[in-house]
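Here is what each chain is made of, one letter per residue.
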Amino acid sequence: MRDTGGRGQGPGRGTGGAGSQGGPGAARRTPKSTGGTGRGRPGGAAGRPSPDDDPFDLPFADDRRRPASGDGRPGERRANPGEGRSGERRASSGEGRSGERRPNSGGERSGERRSNPGEGRSGERRPGSGEGRSADRRPGPGEGPEDRGRGRTPGEARDGRRGRADQWDDGEEHPARDGRTRPDGARARGEVPRPRGAAPRRPAEGAQRRTSDGDPRGRRPGESPRRDGDLPPRGLRRDGDLPPRGLRRDGDLPPRGPRRPPPRPPRPPVVLRLGNPRRRLKFGMIVMTFILSIFAGRLIQMQGLDTKFYEGVAAGQRMITETIPAKRGSIADVNGNPLATSVEAREVAIDPSKVHPDVRAKVANALAAELGKPLQEITAKLSRTHTQYQLLAKDVDPAVATRLVKAGIPALTTKKQYRRVYLAGDLAGTLVGFVGTDGTGLGGLEESRNSVLAGKDGKLRVEQGRFGQRIPMTHSQRQPPVDGSDIRLTIDRDLQWAAQKSIAEQVKAAGAESGTVIVMDVKTAQIVAMANAPELDLNDWRNAPAANYVNRAAADVFEPGSTNKVITAAAALEAGVVRPTTTFRVKDNIRCYDRTLRDAEPHPTETMTFQEAIAKSSNVATIMAARKVGSQGLHDMLKAFGFGAKPGGGVPGEEAGLLPDYKSWSGSQSCTIAYGQGVSVTALQTASVYQTIANGGVRIAPQMVAGTTGPDGRFVPAPPGKQTRVVSDRTAKEITAMLESAVSEEGTGGLAAIPGYRVAGKTGTANRYDPKLGRYEGYTASFVGFAPADAPQLVVLSVLQNPQKGHFGGQLAAPVFKQVMTFAIKSRKIPPTSSTASPVRLSAGQ
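Residues numbered from 1 in each chain as written. Predicted model: local features only at pLDDT ≥ 70, side-chain atom pairs only at ≥ 80, totals over all residues. Heavy atoms only, no water.

## Description of the sheet that holds strand β22 (residues 775-787)
For clarity, the cut-off: Any two strands between which DSSP finds at least two bridges are classified as paired. Under the DSSP-based scheme used, a helix requires at least four consecutive residues in state H or I and a strand at least two consecutive residues in state E, with every element numbered from the N terminus. To get an axis, fit a line to the C-alpha atoms, keeping to the stretch in contact for a helix; angles then go from 0 to 180 degrees between the N-to-C directions. The contact rule is simple, with two residues in contact once any of their heavy atoms fall within 4.5 Å.
Ordered in space as β10-β9-β23-β22-β21, the 5 strands form an open sheet in which the pairing is antiparallel. Both edges of this open sheet fall to β10 (527-533) and β21 (760-770), since each of them pairs with a single strand only. Sheet twist, expressed as the mean angle between neighbouring strand axes with direction ignored, is 10 degrees. Sheet analysis places strand β9 (residues 514-521) next to β10, joined by 6 bridges and oriented antiparallel. Its bridge partner lying in β10, Gly515 is registered against Ala533. Each of β9, β10 and β23 (794-801) touches helix α11 (residues 493-510); the most contacted strand, β10, lies at about 30 degrees to it. Where helix α18 (residues 683-694) meets the sheet, its contacts fall on β9, β10, β21, β22 and β23, and the angle it forms with β9 comes to roughly 30 degrees.

This is the structure:
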């Protein structure tokens, strides 16, 4: 058999051959081929054409029909994934081309080497290196079949295995004979389409049989590898041997350069097309119908379904609610004389945006003159033209507001209101209290009885226009206000004035920090006067110090001192451990646990009765009587007189004081509390103690309010205070006799005596605890008593805190008691006492 040279070497290969793969320019083998060693043709020079080579000898078309798949070499094809080039089938991934098995995936193919990038497989040099593939080169002029290499013999059959040139491997006729062409997909895969109606293709006989050389195509040893559809040389070709141009395989013609995609045709110019007017009209009608349906649905919802809702919203925008202020109730004394009242006033406001700049200065001058405001303040408010409301003044007299309205000032509005007027100035200022700018009580009775005095504001609902003008002939709703109730106090205005005058003068004379006077009715416990110094001026309360806002008579706590000895005497007399005539051997000092307590003045040891000890205010004798009673008995009596609890009665600012439990008393405290040190009380609590003694031992809760008068004008008296029996009438009378002796010439309260009247009372001098310093500093001087002693009607208490000119109660507080009590006796026309006091034994043996 004869072998023509290709890219590789065939079975009859020389040294180093690795087997041919077929492809463009691949060798065609004949039975007489013996193989060659050259890269181009067997036995010939590389690149030299053979006379038998014909460029149209292959069955595929020219380069323009190159298959899409493959490795891109002309003339090569793959029948299926298992076949190699030129129709060969690969046995496995380990087999090389032309039936040889690869040694491994990473090694070189057997007998194959690459000399440089320009060479192909099996020593073949690629066209890109400057050499043409053997058998790919077209014959030049003058070259014959013998110059083109050794091809098939004239008598050689087209297909060496099947023996017929016009049939394919499966016995079908050549497509060129019946005029059929291959489809592009079949040509790319190396397949030949079957004739229409032909039976399924079966593999040719011996196609899967292997030879002794391991050829997978079943060729006999020495047989030349041949591809399906090979044609004989041009000179030996019969009619019809050349396949049609559509069925030629790639590589049948000499290779050409890489094919470039044809240029894109130029993009046609943009042509503005006018839409179909009928379609536009239809689309527009649909959109308009949709929009109108939304409006129609919304209209139905608003006017049909939600009518009530929108009616309410519209009415709410038109309707405004104006507050009709209620008149605050007045505060009057026991005789109906007003201490605080409300009068009609106006609130003046303006809209600066409606005041023309040319008249702004003139308007500012007029407003400042009438309202009594600084011109700069009014000018600043008128210059705020970005606002529509500026409050100019409150509590304006109605006559002034009327003049401003008649002056024709643009955009000026007035509103009715009430202002609080305190006709008495500072009379009972801390007791009455004051109101703020909004009409709410901020101190005294104005605060504690605010709910009774304030009343309830009314409402007026009217319809107004866009600019705030009231729409005439429209519906309006008016809820009338409910005025507050008037309060009538138990305070006597005249007696209150006398008490304030007396304590203010004495505070100033003694250089004291403050002072308090309380006048109380014995039979009813009504407070007739409650004065503080310094007092609060209600017409100028904003400029007063905050300390003056406090009702000291009910809020300030202090240690009572000797005024508290009546409670120790009541406890001893009620317990029966002493009588007024019981005698004591009294020194001027006494040892009480770790402390030595002394009398106010030193004196030699003497014998005195208990009544004399109270009259002379002996601390030592009082401690001796308290030891007979015991700490628990003394504590219970203090609590029965109201210590440690608020007096009640609605007095503004009242405090409970401080009464420690007897179990917590220290050794010295059990002695000091007996004469009023170590316990804290208020002036109101101390006055209540002497009201109890003067009332025969019955304590009545203090009263401040006599009654109220409602808007209907009906007076409702306040209920009487709660009554409690504290001591027996006998004990009360015995203590009254002791207190009457204390006001005598032999007692400490001689400065409180009133000619023509029997007076019972007790002086008090106590060390004062200063909370600011955190220690005892200064004194508290006090005097409390009642008159007439035989038929008590009034109790008067006077207290001076931290006096600088003297500190004894009989020296500083007793004169205040005398002045106030004298005025009260004259004011109430209390007749002089007709009887005289019974003689009192002041010392033992007398």
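## Here we look at the state of the cysteines
The condition is simple: The rule for a disulfide is simple: a pair of cysteine sulfur atoms within 2.5 Å. The classification of residues rests on relative accessible area computed with a 1.4 Å probe and restricted to protein chains. Under 20% of the type maximum is buried, over 50% is exposed, and intermediate values are partly exposed.
Across all of its chains, the model carries 1 disulfide by this definition. Cys592 shares a disulfide with Cys671; S-S distance 2.0 Å. Taking the sign of the torsion about the S-S bond as the criterion, the disulfide between Cys592 and Cys671, at about 80 degrees, is right-handed. Within this pair, whereas Cys592 is found in strand β13 (residues 589-592), its partner Cys671 is found in helix α17 (residues 669-672), the two being separated by 79 residues in sequence. With respect to class, Cys592 is no different from Cys671; both count as buried.

## Some thoughts on the nonpolar core
Where a protein is soluble and globular, its nonpolar side chains tend to be buried together. Selection rule: By nonpolar core we mean a set of buried residues, namely Ala, Val, Leu, Ile, Met, Phe, Trp, Tyr and Cys, connected to one another through side-chain atoms within 4.5 Å.
Judged by nonpolar contacts, the single largest core of 87 residues is most densely connected at Leu489, Met530, Phe641 and Met704. Leave out the neighbours within four places in its chain, and Leu489 touches Ile331, Ala332, Asp333, Val334, Leu339, Leu445, Met704, Val705 and Ala706. Core analysis: the next-biggest nonpolar cluster, separate from the first, contains 33 residues, Val796, Leu800, Phe817 and Val820 among them.

## Remarks on unusual backbone geometry
Look at the link from Ala533 to Pro534: it is a cis peptide, with omega at 0 degrees. Mapped onto the elements of the fold, Pro534 is located in the loop between β10 and α12 (552-555). Cis geometry is adopted by the peptide bond preceding Pro788, which originates at Ala787 and carries an omega value of -15 degrees. Assignment of secondary structure puts Pro788 in the loop between β22 and β23. Even without being a glycine, Asp395 presents a positive backbone phi close to 55 degrees. Looking at the secondary structure, you find Asp395 in strand β4 (residues 390-396).

## A look at the environment of Lys616
Here Lys616 shows up in helix α14 (residues 610-616). Separated by 16 residues in sequence, Lys616 and Ala600 place their C-alpha atoms 9.8 Å apart. Among all residues touching Lys616, those that are not within four sequence positions of it are Glu606, Glu746 and Thr748.

## Structural notes on the side chain of Asp333
Put simply, the rule reads: The charged-residue count follows a simple rule in which Lys and Arg add positive charge and Asp and Glu add negative charge, with His and chain termini not counted at all. By definition here, a salt bridge exists when the distance from a side-chain nitrogen of Lys or Arg to a carboxyl oxygen of Asp or Glu is within 4 Å. N or O atoms closer than or at 3.5 Å make up a polar contact, with two conditions inside protein: a donor-capable atom paired with an acceptor-capable one, and, for residues adjacent in sequence, both atoms drawn from side chains.
As for its position among the elements, Asp333 is in the loop between β2 (331-332) and β3 (338-350). Summary of buried charges: Asp333 has no salt-bridge partner, and the nearest side chain of opposite charge, Arg493, is 4.6 Å away. One polar contact links the side chain of Asp333 to the main-chain amide nitrogen of Gly336, over a distance of 3.0 Å.

## What about the environment of Ala340?
Tracing the chain through its elements places Ala340 in strand β3. Accessibility expressed as a relative area gives 0% for Ala340, which makes it buried. On a C-alpha basis, the gap between Ala340 and Ala424 in space is 7.8 Å, while along the polypeptide they are 84 residues apart. Non-local contacts of Ala340, meaning those with residues more than four positions away in its chain, are made with Ser330, Ile331, Arg420, Val421, Tyr422, Val432 and Glu446.

## A few points about the pairing of strand β18 (residues 705-709)
In terms of residue burial, β18 counts as a mostly covered element, since 4 of its 5 residues are buried. The pairing of strand β8 (residues 486-489) with β18 spans 4 bridges and is antiparallel. Its bridge partner being in β18, Ile487 is matched across the sheet by Thr708.

## Considerations on the sheet that holds strand β6 (residues 458-463)
Read from one edge of the open sheet, 3 strands run β1-β6-β7, paired in antiparallel fashion. Each edge of the open sheet is held by one strand with a lone partner, namely β1 (319-324) and β7 (477-479). Strand after strand, the sheet turns through a mean of 20 degrees between neighbouring axes, direction not considered. The pairing of β1 with β6 spans 6 bridges and is antiparallel. The residue of β6 that forms the bridge with Thr323 is Lys459. Sheet strands in contact with helix α4 (residues 307-318) are β1 and β6, and its direction is about 45 degrees off that of β1.

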